[in-house]
Amino acid sequence: MSDRPPEAGSERLPDAESIYRSLLEQVRAGLEAESRRPSIIGVHSGGAWIAERLQRDLGLATPLGFLSSAFHRDDYGARGLPENIKPTQIGFEVAGADILLVDDILFTGRTVRAALNEIFDYGRPARVELAVLLDRGHRELPVAARYVGLDRPLAPPAAYVLSMDTHGRLRLEVE
């Protein structure tokens, strides 16, 4: 793999499923090394898809939650609300919990900051770690993921887009 950032449409990305497997193995190794069983929270929508798969593939019986970061974003006025906003669903006690926050693509760090604010609306967790399928670089806030499926810088205005087909397979494209 090249460390050179791809231009939109110029470089073939690795298969999203292979990136997911890399992320899964990192998370599995990290949790086994520390004998941990965190509760997982996925950020809608791509992070929620990945969180569900991690929960299943890791065989975790701990709770699974989902959140929308839309109302906590500092660029809410410029972005507006997503068309199909999904509500936050955290059906477990956040206070004192060990949480693995899962998102699809890490870019500026603003979604993660907003997601942390949403989590803290539910209580103060003991620990929050971040897992992302893809880190595209260009951070604006001091945010780093502990688990990263693939680190592949991509300069704006190009963007990675994650989708899921009807069979639950992930697909990653550059727009």
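Residues numbered from 1 in each chain as written. Predicted model: local features only at pLDDT ≥ 70, side-chain atom pairs only at ≥ 80, totals over all residues. Heavy atoms only, no water.

Chemist: Explain the overall build of the protein residue by residue, including any values.
Modeler: Per the secondary structure count, the protein includes 4 helices and 7 strands. Secondary structure elements in the protein, listed N-terminal to C-terminal, are α-β-α-β-α-β-α-β-β-β-β. A burial count over the protein gives 47% of its 175 residues as buried. The long-range fraction of contacts in the protein, counting pairs at least 24 apart against all pairs at least 6 apart in sequence, stands at 68%. Accessible surface, the protein as shown: approximately 9,100 Å² in total, 49% of it carbon and sulfur. (Helix = DSSP H or I, 4+ residues; strand = E, 2+ residues; numbered from the N terminus. Buried < 20%, exposed > 50% of the residue type's maximum accessible area, 1.4 Å probe, protein only. Contact = heavy atoms within 4.5 Å. Areas by Shrake-Rupley, 256 points an atom, 1.4 Å probe, with all protein chains shown as cover.)

Chemist: Which residues make up the pairing of strand β6 (residues 160-164), and what values do they have?
Modeler: Where β6 and strand β7 (residues 170-174) come together, 5 bridges link them in antiparallel fashion. By the bridge assignment, Val161 is partnered in β7 with Glu173. The turn linking β6 back onto β7 is made up of 5 residues, and Gly168 within it adopts a positive phi angle of 85°. (Pairing = 2+ DSSP bridges.)

Chemist: Please provide a residue-by-residue account of the nonpolar core, values included.
Modeler: Of all hydrophobic cores here, the largest spans 29 residues; its most connected members are Val27, Ile50, Leu54, Val102, Tyr160 and Leu172. Put simply, the parts of the chain that give this core at least two residues each are α1 (16-33), α2 (46-58), β3 (98-106), β4 (127-135), β5 (147-151), β6 and β7. No other element matches the 7 residues that α1 contributes to this core. Not counting residues within four places of it along the chain, the set of residues in contact with Val27 comprises Leu58, Leu100, Ala131 and Tyr147. In terms of nonpolar packing, the next biggest core, distinct from the first, is built from 18 residues, Ile41, Ile90, Val94 and Val143 among them. (Core = buried A, V, L, I, M, F, W, Y, C linked by side-chain atoms within 4.5 Å.)

Chemist: Explain the environment of Tyr160 to me, and be specific about the residues and the numbers.
Modeler: Tracing the backbone through its elements, the reader meets Tyr160 in strand β6. Looking at Tyr160, the relative accessible area reads 6%, which means it is buried.

Chemist: Tell me about α1, and name the residues and values.
Modeler: If you check α1, its first and last C-alpha atoms are 26 Å apart, about what 18 residues at 1.5 Å a residue would give, namely 26 Å. All of the buried residues along α1 are Ala16, Glu17, Ile19, Tyr20, Leu23, Leu24, Val27, Gly30 and Leu31. Down the axis of α1, the smallest arc covering the buried residues is 150°, so these residues share one side. Exposed side chains of α1 directed beyond 90 degrees from the buried face belong to Glu32 and Ala33. As for α1, its buried residues are in contact with α2, β3, β4, β5, β6 and β7. Within two residues after α1, Ser35 carries a phi angle of roughly 50°, on the positive side. (Expected span 1.5 Å × (residues − 1). Arc of directions from axis to C-beta.)

Chemist: I'd love a proper account of α2, names of residues and values included.
Modeler: Across its 13 residues, α2 extends 18 Å between first and last C-alpha, which sits within 8% of the 18 Å expected from 1.5 Å per residue. Within the span of α2, buried status applies to Gly46, Gly47, Ala48, Ile50, Ala51, Arg53, Leu54, Gln55 and Leu58. Count one or two residues on from α2 and you reach Gly59, which has phi positive near 65°.

Chemist: Outline the pattern of salt bridges, supporting the account with residue identities and numerical values.
Modeler: Enumeration over the complete set of coordinates arrives at 14 salt bridges. A salt bridge links Asp98 to Arg36; the shortest N-O distance between them is 2.8 Å. One end of the pair, Asp98, is in strand β3; the other, Arg36, is in the loop between α1 and β1 (39-43), with 62 residues separating them in the sequence. With its nearest N and O atoms 2.5 Å apart, the salt bridge here joins Glu129 to Arg146. Placement of the pair is Glu129 in strand β4 and Arg146 in the loop between β4 and β5, with a sequence separation of 17 residues. Salt bridges linked by common partners bring Glu34, Arg36, Asp98, Arg127, Glu129 and Arg146 together as one network. (Salt bridge = Lys/Arg side-chain N within 4 Å of Asp/Glu carboxyl O.)

Chemist: Lay out the sheet that holds strand β2 (residues 64-67) in plain terms, naming residues and giving numbers.
Modeler: If you trace the 5 strands from one edge of the open sheet to the other, you get β2-β1-β3-β4-β5, paired in parallel fashion. Edge positions in the open sheet fall to β2 and β5, since each of these has one partner strand only. Going across the sheet, the axis of each strand differs from the next one's by a mean of 20°, ignoring polarity. Bridge count for β3 against β4 is 8 bridges, and the pairing is parallel. The residue bridging Asp98 from the neighbouring strand is Arg127, located in β4. Lying over the sheet, α1 contacts β3, β4 and β5, oriented at roughly 150° with respect to β5. Packed on one face of the sheet, helix α4 (residues 110-121) meets β1, β2, β3 and β4 and runs near 150° to β3. (Axes fitted to C-alpha atoms, helices over the stretch in contact; angles between N-to-C directions.)

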